[in-house]
Amino acid sequence: MENEMHEEGWSSNKHHITTTTALNANYYLPYASNDENDITLDHSSMKNMLITCCQGFLSQNQDMNLKSVMDMPLIRNIDPIDIGLGSSEKGNSITSVKPRKKTMTSVYLKYFETAPDGKSRRCKFCGQSYSIATATGNLGRHLSNRHPGYDKPGDAVSNSAPQTIAVIKKSQPQGNVPQVDYDHLNWLLIKWLIEASLPPSTLEEKWLANSYKFLNASIQVWPGEKYKAVFHEVFRSMQEDVRASLEQVLSKFSITLDFWTSYQQIYYMSVTCQWIDENWSFQKVLLDICHIPHPCGGAEIYDSLVKVLKMYNIDNRVLSCTHDNSQSSMRACHTLKEELDGQKVGPFCYIPCAARTLNLIIDDGLRTTKPVISKIREFVLELNASLEMSGDFTQVTATFQEGSWKFPLDASARWSGNYQMLDIVRKASKSMDAIIRKYEILGNRMLLTSTEKNVVSIMHQYLQPFYKTTTNICTSKVPTIGLVLFFMDHISDTIAVCRESRHSPDWLKNAAEDMAIKARNYNSQVCNIFTYMTAILDPRIKIELIPESLSSENYLEEARAHFMRNYSSSHVPSMTSGYIAQEIEDEGNVSFAEEIARKKRRASMSTATDELTQYLSEPPAPIPTDVLEWWKVNSTRYPQLSVMARDFLTVQATSTAAEDLFCSKGDEIEKQRFCLPHDSTQALLCIRSWTQGGIKLKFKSTEIDYERLMELATAAAADNINTGSERKQK
């Protein structure tokens, strides 16, 4: 199931703001790409990037003696916050340089500048450093090999230049690729920390630093406090971009709340915002990670939530809030509803998380079989750990025709892993017994008795509809309220059948009783006019497939009244007026038969009192239908109702992605959250979410162009390798 999961993100439509510098007329950064050209950097890519960058650093220093390497200034005199990338707000700053000491006269010296400490010289073209004692002949050879045509008019280099995150030299007939700056490594490390959700303190680990020293003894990384300062500045810069983007949204928002506790026993809340844009694409963005102060009750959650909404200026545009089913979050949402109702800013509703409810229902069902599942999981862990054992299992299952199994098997303690345990016994019990008997290290304690196998078989058959339901919810592009209520109604029916069946064993009926209680409790919380309106606006559900507990004539009349009062206004062209306007435009250009057809259509439209009635009079769309695509196509037919649909279809049925609860992916998320220290949690998790959603990583007003930075690192490494080969041939 997990392999089918699809995670949607928020794509930003803003263009790049590319970091540039003005080294001289030969240096520029001709780069401005659109989002579709962006690259995605996973952990493997980041690893390769860091190795390549370090290889470039190592190659650059092959010509230096040990003293010059150790004396070379690696991190220039820069402010702990202003890392010298330049800013569109402040312009490019010029770094002051102390007067140079001239110890010799040479035509080559004008192309080098002496470091402030007087111990090295730095090439004005590429930044290559040499000891102050290096012979001028070597400097001349550097210029001839790396910068042919350096002495031509117009190629003079200014004595000082601001730092840059990515620069590229204009192509020349025999020109070489520019050298990589040492600070590039630090920015690549920042990207790695973000992608891996690791705190800056990770880089202070002794043996990690020793690893970099092995690649290049001169490599140094920023101190931990500098990384923290950079992270917080990046967080503030990107947060401003998020706020500016939300100001452009015309529709209503829905929000979801998620909670967890870190290893420091600090209680956190994440606030995520969702909406549907004008192109009928679903969008979401993490707003903030909030520390909920002691005693972490409803009042503290409410205060933190309101601060976030006001900070983004969306407090009067929120339509709904989906919480995590805890009593504290429910009280906070209730207080928020009272506040918004008092301000009369529009309707607001809060609903429980369907995924968490379903997870609790399934846990009740598994209660009796938990000891058996634990025994099976122990066997599966042994299989995953041994290539020999897993290979034998594959061969034996093929012999017994007990299916094909992909390793490693899901052994997580979540629903997907628990169902995998049941599935193995149900479909490959002979193979399992054969492997346990062959490998004596497992012992007979892992062999299941006939009674245990029978219990697993009954439970597997009973929970199969639950597994199919969770799979459908997890893989749904947009799991709307209507679709999720449709599935939850099916779950309630499945539980009822089990309770009433005379073939169900008593232990299963007892479990079903507890499951039914949780299902009824959920239904009582979501049974209201708000969720009714949200459900019927799903063209797959409408009135025909809405749960019986939610079906009510009074709800339908209230929904129609809400539509007429809030969306059927004069400034929105109605369906009928739009059609008549088209008739007037086509007058005199239609056939006699078309005139008759139009008269019948007008009569039909006059019968339908509004767009909602017309919409509901048509049969539902097939379940596989893309809901947002359907509304995009039919918005011209229902111009007023489509506005209401854009608002209400943003309401979320779950407070977090369903796969994060049901699948092993949730284990990784919980582990990352739990292990982060308080001083890094907010900035790191927000930046990671924003970059994954397509927002560009920025320091102040400067975009960090990782793609171009990596191009430079790779090119510099390749160039130095080629230079080394040529030197050996000579």
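The structure we're discussing is the one just above.
These numbers were taken from a predicted model, which means no experiment stands behind them. Per chain, residues are indexed from 1 in the order of the written sequence. This being a predicted model, a pLDDT of at least 70 is required before a residue's local features are given, and a value of 80 or more before pairs of side-chain atoms are given or counted; all residues contribute to the totals for chains, interfaces and linings. Computation of side-chain values: all heavy atoms of the structure, hydrogens and water removed.

K.L.:
Is there a simple way to think about the pairing of strand β8 (residues 282-291) in this case?
P.N.:
The two faces of the sheet receive side chains in turn, since in a regular strand these alternate between them. Only protein chains enter the accessibility calculation, which uses a 1.4 Å probe; a residue whose area is less than 20% of its type maximum is buried, one above 50% is exposed, and one in between is partly exposed. Secondary structure elements follow DSSP: runs of H or I of four or more residues count as helices, runs of E of two or more count as strands, with numbering from the N terminus. Burial analysis of β8 places 8 of its 10 residues in the buried class, which makes it a mostly covered element. Of the pairings in the sheet, the one linking strand β7 (residues 267-276) to β8 comprises 9 bridges and is antiparallel in character. Bridge assignment links Val271 to a residue of β8, and that residue is Asp288. Two strands qualify as a pair provided that DSSP identifies no fewer than 2 bridges between them.

K.L.:
Explain the packing of helix α9 (residues 354-366) against helix α12 (residues 415-438) to me, please; I cannot follow it from the model alone.
P.N.:
Interaxial angle, 0 to 180 degrees, is taken between N-to-C directions of lines fitted to C-alpha atoms, where a helix line uses only the stretch in contact. Where α9 meets α12, the closest approach of the two axes is 11 Å, and the angle between their N-to-C directions is 30°. Between α9 and α12, the crossing angle belongs to the class labelled roughly parallel. Relative to α12, α9 is oriented so that their crossing is left-handed. Across the interface between the two elements, Asn359, Ile362 and Leu366 of α9 pack against Trp415, Asn418 and Leu422 of α12. Class assignment for the residues of the contact of α9 with α12 results in 4 nonpolar, 2 polar and no charged. If an angle is under 35 degrees, it is roughly parallel; if it is over 145, roughly antiparallel; if it lies from 65 to 115, roughly perpendicular; otherwise it is oblique. Each crossing gets its handedness from the near helix: less than a right angle anticlockwise from the far helix is left-handed, clockwise is right-handed. The contact criterion used throughout is that any non-hydrogen atoms of two residues lie within 4.5 Å. Residues are grouped as follows: nonpolar covers Ala, Val, Leu, Ile, Met, Phe, Trp, Tyr, Cys and Pro; charged covers Asp, Glu, Lys and Arg; every other residue, Gly included, is treated as polar.

K.L.:
Explain the pattern of salt bridges here, please?
P.N.:
Here, a salt bridge means any Lys or Arg side-chain nitrogen found within 4 Å of an Asp or Glu carboxyl oxygen. For the structure shown, the criterion picks out 28 salt bridges. Among the salt bridges present, the one from Lys228 reaches Glu225, with a minimum N-O distance of 3.5 Å. With Lys228 and Glu225 both in helix α6 (residues 224-246) and 3 residues apart, this pair spans about one turn of that helix. The partner of Asp679 in a salt bridge is Lys228, and the shortest N-O contact between them spans 2.8 Å. A residue pair is termed long-range when its members are at least 10 positions apart, and Asp679 in helix α25 (residues 678-692) and Lys228 in helix α6 qualify at 451 residues. Given a relative accessible area of 22%, Lys228 falls into the partly exposed group. Within the structure, one salt-bridge network assembled from shared partners comprises Asp364, Arg367, Asp514 and Lys518.

K.L.:
Could you clarify how one ought to interpret the side chain of Lys698 in this entry?
P.N.:
Looking at the element boundaries, Lys698 is found in strand β11 (residues 698-699). A polar contact of 3.4 Å, which involves the side chain of Lys698, links it to the side chain of Asp241. Polar contacts, as used here, are pairs of N or O atoms within 3.5 Å; protein pairs need one atom able to donate a hydrogen and one able to accept it. Residues neighboring in sequence count only if both atoms are side-chain atoms.

K.L.:
Can you help me understand the packing of aromatic side chains in this one?
P.N.:
Centre-to-centre distance and the angle between the planes together describe a pair of aromatic rings. Here is the rule: rings of Phe, Tyr and Trp (six-membered ring for Trp) pair when centre to centre is within 6.5 Å. Planes less than 30 degrees apart are stacked, more than 60 are edge-to-face, and the remainder are tilted. Tallied over the full model, the rule gives 25 aromatic pairs. Measuring from ring centre to ring centre gives 5.7 Å for Trp260 and Tyr268, while their planes differ by 25°; the resulting arrangement is stacked. Each of the two residues, Trp260 as well as Tyr268, counts as buried. Each member of the aromatic cluster is reached from another via a ring pair, and the members are Trp280, Tyr615, Trp630, Trp631 and Tyr638. Taking the ring centre of Tyr706 as reference, the NZ or CZ of Lys191 above it sits at 5.3 Å. We note Arg673 situated over the ring of Trp260; from NZ or CZ to the ring centre the distance is 4.0 Å. Two conditions define a charge sitting above a ring: the NZ of Lys or the CZ of Arg must be within 6 Å of the ring centre, and it must be within 35 degrees of the ring normal.

K.L.:
What should I look at first to understand the sheet that holds strand β10 (residues 349-351) in this one?
P.N.:
Strands in a sheet are paired, the pairing made by backbone hydrogen bonds, and the direction either parallel or antiparallel. Taken together, the 5 strands give an open sheet; going across it, the order is β8-β7-β6-β9-β10, and neighbouring strands pair in mixed fashion. Of all the strands in the sheet, just β8 and β10 have a single pairing partner and so form its edges. The sheet shows a mean angle of 20° between the axes of neighbouring strands, taken without regard to direction.

K.L.:
Even after reading the chapter, I still don't get the side chain of Gln239, so can you show me in this structure?
P.N.:
Tracing the backbone through its elements, the reader meets Gln239 in helix α6. On the basis of relative accessible area, Gln239 is assigned to the buried category, the value being 11%. When sequence neighbours within four positions are dropped, the list of residues in contact with Gln239 reads Leu287, Asp288, Met311, Tyr312 and Trp690.

K.L.:
Please explain the nonpolar core as it appears in this structure.
P.N.:
A general tendency of soluble globular proteins is for nonpolar side chains to be buried together. Only buried Ala, Val, Leu, Ile, Met, Phe, Trp, Tyr and Cys residues count toward a nonpolar core, and they belong to the same one when joined by side-chain atoms within 4.5 Å. With 97 residues, the main nonpolar core has Ile376, Phe379, Tyr462, Phe466, Ile495, Trp631 and Leu641 as its most contacted residues. For this core, the leading source of residues is α12, giving 10 residues. Aside from chain neighbours lying at most four places away, what touches Trp631 is Trp280, Leu537, Pro539, Tyr615, Tyr638, Leu641, Ser642, Ala645 and Leu649. Membership of the second largest hydrophobic core comes to 68 residues, among which are Ile194, Phe253, Leu287 and Cys686.

K.L.:
Teacher, can you tell me more about the state of the cysteines here?
P.N.:
As used in these notes, a disulfide is a covalent bond between sulfur atoms, one from each of two cysteines. The criterion for a disulfide is a pair of cysteine sulfur atoms lying within 2.5 Å. Applying the stated criterion across every chain yields a total of 0 disulfides. Take Cys321: it sits in no disulfide, and the sulfur closest to it among the cysteines is that of Cys333, at 3.5 Å.

K.L.:
For this particular structure, what's the right way to read helix α7 (residues 298-311)?
P.N.:
For the α-helix, the turn length of 3.6 residues means that residues three or four positions removed from each other point alike. The length a helix should cover is 1.5 Å for every residue beyond the first. Taking 1.5 Å per residue, 14 residues should reach 20 Å; α7 reaches 20 Å between its end C-alpha atoms and fits that length. When α7 is considered as a whole, its buried residues turn out to be Gly298, Glu300, Ile301, Tyr302, Ser304, Leu305, Val306, Val308 and Leu309. Those residues of α7 that are buried are in contact with β6 (253-261), β7, β8, β9 (318-322) and α8 (327-343).

K.L.:
Looking at this model, I keep getting lost on the pairing of strand β3 (residues 120-123). Mind explaining?
P.N.:
Across 3 bridges, the pairing between strand β2 (residues 112-114) and β3 is antiparallel. Paired with Phe112 across the bridge in β3 is Cys123. As consecutive antiparallel partners, β2 and β3 are separated by 5 residues, and within that stretch Gly118 has a phi angle of approximately 70°, a positive value. As paired elements, β3 and strand β4 (residues 129-131) share 3 bridges and run antiparallel to each other. Residue pairing across strands places Arg121 opposite Tyr130, the latter belonging to β4.

Remember, this is a structural readout, not a statement about activity or role.
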